[in-house]
Amino acid sequence: MKRMSLSLLAAMGLFAAQAVFAAPIELGASVQKTGSFANTGRYYADGYQFAVDKINEKGGVKIGDKQEKLHLTILDNQSDVNLSVRQYVQLLTQNKVNFLLGPFASNFALADSAISEKYQIPMIQGGGASDQIFNRGFKYVFGTLPPASAYFQTTVDAMMKLDPAPKTVALLYADDSFDVSVAEGAHKILAKTPLKIVIEQKYSSETSDFNSLLALIKSKNVDAILVAGHETEILNFIRQAKALDISPKFYSFTVGVSTADFRKALGSDADYAFGMTSWLPSSSLKDDYFGDGMQFAEEYRKRFGYEPDYHSASAVADVLAFVKAIEKAGSLDPKAVRNAIVNLDFNSLYGQIHFNAQGQLELPQTVIQIQNGKVVPIYNAKGFIGKPQYPMPAWKQR
């Protein structure tokens, strides 16, 4: 009986070893393919698939002396955070994926990463930047967007060097976790400058009416407006600013300015808007699978019919980070791969991939501005790299 038990244990051990190295390597994500966040959610669905296909074309992932292919399962959470949480449980318990890729938006990543932590399965996500995701002491969630609290740092640095520099600021932000983190960080950044915050106002992320806020801005004759919000909110804000003929000298937005959809939706009304990005296509960003950032952007555009922005690049970086970590670990064991992720340090089309102690990348933001319908890099950590169109003219003078 004892001998049979030992044989059974040995067989179980052999099965476990074979399961660890099963092919293909299963990646899973719940993404907003439909619903209110679908416009940006598609960047992640497309970016994940593009990366998986490209890596498989190059032979897949090397585990020991084997080459294993990647397989991707993407579920549509319909822009519903509760459904997203349930789908991540499904991915682990029913689809039996090895590792998790993330959703778009910090509120989703905040909730969904609790599932990866509960099951101790690594999640690498490029859709949530809120500091709240990473200050809980979780060990299995990693992010490829820079910390939300630092989003406006380079923007404020650039504002201080404009001629004439703005003197008063309105800081507006939505009530979700990302925008709250951005605003808290921006408040601290602004407090170290001569800039005076004359309006600091939180609004509902479900609002479509900014008339009262814009009227307040007009009454205070604010020089600069900083808005932490998502694309739909910002589109409404600009349209209503035009309708009320409100033109500060400067305004900047966290999300939207970098995307082709934003420029298409507003047309020439998008001009003069400032924003920020953690990635721009560049031939200096080399990669093992895509060549460089410019080649990646061109291939992506041809395949999906729209220009990639930092959302797309961060999604690809998520997959690349898993590939490097799996190869480094030489295993699909979740803990071994998690430990390898912690120690990653490699160049990619997205930039240097090295996670800080909280599990985030600390990529610098580049200030961008829409000029004549095109995204123009304006300012980065080294100073001005482009000429800003400033101050912004009145709407009737455009």
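Note that this is a predicted model, so its numbers are computed, not measured.

A closer look at the overall build of the protein
Part 1: Along the backbone of the protein there are 13 helices and 19 strands.
Part 2: A globule of 398 residues ought to have a C-alpha radius of gyration of about 21 Å, and the protein, at 23 Å, matches this closely.
Part 3: Here the C-alpha coordinates of the protein stretch approximately 90 × 40 × 35 Å along the principal axes.
Part 4: Across the 398 residues that make up the protein, the buried fraction comes to 56%.
Part 5: Considering only intrachain contacts with a sequence separation of at least 6, the fraction spanning at least 24 residues in the protein is 68%.
Part 6: Surface exposure of the protein reaches about 17000 Å², of which carbon and sulfur atoms provide 51%.
Part 7: Each charge class in the protein can be summarised by its mean position, and for the 40 positive and 39 negative side chains these summaries are 2 Å apart.

A short note on the domain arrangement of the protein
Part 1: We note that the domain assignment places domain 1 (12-146 + 281-353) and domain 2 (150-277 + 365-397) within the protein.
Part 2: Here the C-alpha centroids of domain 1 and domain 2 sit 31 Å apart.
Part 3: When domain 1 packs against domain 2, close to 1400 Å² is buried across both sides, 49% of that on carbon and sulfur atoms.
Part 4: Taken together, the connections running from domain 1 to domain 2 amount to one salt bridge.
Part 5: Ionic pairing is found between Asp-261 and Arg-42, a salt bridge with its closest N-O pair at 2.4 Å.
Part 6: Remark: the boundary between domain 1 and domain 2 carries seven residue pairs in polar contact (both at pLDDT 80 or more).
Part 7: Put simply, the parts of the chain that give the side of domain 1 that touches domain 2 at least two residues each are helix H2 (38-57), helix H4 (106-119) and helix H5 (131-134).

Description of the environment of Leu-344
Part 1: With respect to the helices and strands, the residue Leu-344 is situated in the loop between helix H13 (334-342) and strand S15 (346-348).
Part 2: As a C-alpha pair, Leu-344 and Ala-321 span 23 residues in sequence and 7.6 Å in three-dimensional space.
Part 3: Residues in contact with Leu-344, not counting those within four places in the same chain, are Ala-321, Lys-324, Ala-325, Ile-353, His-354 and Phe-355.

As for the pairing of strand S1 (residues 25-31)
Part 1: The buried fraction of S1 is high, at seven of seven residues.
Part 2: The alternating pattern of S1 places Ile-25, Leu-27, Ala-29 and Val-31 on one face and Glu-26, Gly-28 and Ser-30 on the opposite face, and all of these are buried.
Part 3: The sheet contact formed by S1 and strand S4 (residues 70-76) spans seven bridges and is parallel. Considered in S4, the bridge of Gly-28 is made with Thr-73.
Part 4: In this structure, S1 lies alongside strand S5 (residues 99-101), joined through two bridges in parallel fashion. The residue of S5 that forms the bridge with Gly-28 is Leu-100.

Quick look at the packing of helix H8 (residues 211-220) against helix H9 (residues 231-243)
Part 1: Relative to each other, H8 and H9 sit at 55 degrees, their axes nearing to 10 Å. As the angle between them shows, H8 and H9 are arranged oblique. Where H8 crosses over H9, the two elements pack in a sense that is right-handed. Here H8 contributes Asn-211, Leu-214 and Ile-217 to the contact with H9, which in turn contributes Phe-237, Gln-240 and Ala-241.
Part 2: Of the residues contributing to the contact of H8 with H9, the split by class is four nonpolar, two polar and no charged.

Some points on unusual backbone geometry
Part 1: Of note, the bond from Asp-163 into Pro-164 is cis; its omega dihedral lies within 30 degrees of zero at -5 degrees.
Part 2: Note the cis peptide between Tyr-390 and Pro-391, where omega equals -5 degrees.
Part 3: Turning to its location among the elements, Pro-391 is positioned in the segment after strand S19 (383-384).
Part 4: Of note, the phi angle at Lys-96 is positive, near 55 degrees, even though the residue is not glycine.
Part 5: Residue placement: Lys-96 occurs in the loop between helix H3 (81-93) and S5.

Overview of the nonpolar core
Part 1: Within the largest apolar cluster, 100 residues are counted, with the highest numbers of intra-cluster contacts made by Tyr-48 and Tyr-350.
Part 2: Of all the elements, helix H12 (residues 310-329) adds the most residues to this core, at twelve residues.
Part 3: Residues lining this core come from more than one domain, with at least three contributed by each of domain 1 (12-146 + 281-353) and domain 2 (150-277 + 365-397).
Part 4: The residues contacting Tyr-350, other than those within four sequence positions of it, are Thr-144, Leu-145, Pro-146, Ser-278, Trp-279, Tyr-310, Ala-313, Ser-314, Ala-317, Leu-361 and Leu-363.
Part 5: By size, the runner-up hydrophobic cluster in this structure holds 30 residues, among which are Ile-199, Val-222, Leu-266 and Ile-368.

How each quantity is defined
Residues numbered from 1 in each chain as written. Predicted model: local features only at pLDDT ≥ 70, side-chain atom pairs only at ≥ 80, totals over all residues. Heavy atoms only, no water. Helix = DSSP H or I, 4+ residues; strand = E, 2+ residues; numbered from the N terminus. Rg over C-alpha atoms; globule rule 2.2 N^0.38 Å. Buried < 20%, exposed > 50% of the residue type's maximum accessible area, 1.4 Å probe, protein only. Contact = heavy atoms within 4.5 Å. Areas by Shrake-Rupley, 256 points an atom, 1.4 Å probe, with all protein chains shown as cover. Lys, Arg positive; Asp, Glu negative; His and termini not counted. Charge placed at Lys NZ, Arg CZ, Asp CG, Glu CD. Domains from an automatic or database assignment. Buried area = accessible area lost by both parts, 1.4 Å probe. Salt bridge = Lys/Arg side-chain N within 4 Å of Asp/Glu carboxyl O. Polar contact = N/O pair within 3.5 Å; in protein donor to acceptor, adjacent residues only side chain to side chain. Pairing = 2+ DSSP bridges. Axes fitted to C-alpha atoms, helices over the stretch in contact; angles between N-to-C directions. Parallel < 35°, antiparallel > 145°, perpendicular 65-115°, else oblique. Left-handed = near helix turned anticlockwise from the far one by under 90°. Nonpolar A, V, L, I, M, F, W, Y, C, P; charged D, E, K, R; others polar. Core = buried A, V, L, I, M, F, W, Y, C linked by side-chain atoms within 4.5 Å.

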